[in-house]
Amino acid sequence: VVPTTVALDEFMEYYRNERMVELAFEGHRFWDVRRWKIAPQTMDIYGVKIEKQGDGLIYTRQLVDKRTWSDKMYLYPVSNEELFKNPLLKQNPDW
């Protein structure tokens, strides 16, 4: 439950988390990360290492992958075919 007197930044944090949980495994995360331009914050991929100890289990958070990001990836490159059709059309930055 989000408090009614929350600042915009806090609300967006609640919203993004709720959307990530509700739409998990439905293919929306990639597009949300690009839309909100939060890719650098999501580059470390963590998993859980599970070990049996005695009668119980121990769960340890473990770094699985460290991805790279360039801001040019927020936009796709415009295809050369489209650039040739219209000389006024410009390529997206850094492509």
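These lines cover the structure that appears in this document, whether it is placed above or below. Everything numeric here is computed off the predicted structure, so don't read it as measured data. (Residues numbered from 1 in each chain as written. Predicted model: local features only at pLDDT ≥ 70, side-chain atom pairs only at ≥ 80, totals over all residues. Heavy atoms only, no water.)

Turning our eyes to something else, we now look at the pairing of strand S2 (residues 56-66). Pairing geometry for strand S1 (residues 44-53) and S2, over 10 bridges, is antiparallel. Bridging across to S2, Ile 45 finds its partner in Asp 65. (Pairing = 2+ DSSP bridges. Helix = DSSP H or I, 4+ residues; strand = E, 2+ residues; numbered from the N terminus.)

Let us now look at the pattern of salt bridges. In a structure, side chains of opposite charge can pair up when their charged atoms sit close to one another. Inspection of the entire model under this criterion finds seven salt bridges. The residue Arg 67 makes a salt bridge to Asp 65 at a minimum N-O spacing of 3.5 Å. Judged by its relative accessible area of 48%, Arg 67 falls in the partly exposed class. Using a relative accessible area of 35% as the deciding quantity, one classes Asp 65 as partly exposed. The partner of Glu 82 in a salt bridge is Lys 85, with the nearest N and O atoms 3.2 Å apart. (Salt bridge = Lys/Arg side-chain N within 4 Å of Asp/Glu carboxyl O. Buried < 20%, exposed > 50% of the residue type's maximum accessible area, 1.4 Å probe, protein only.)

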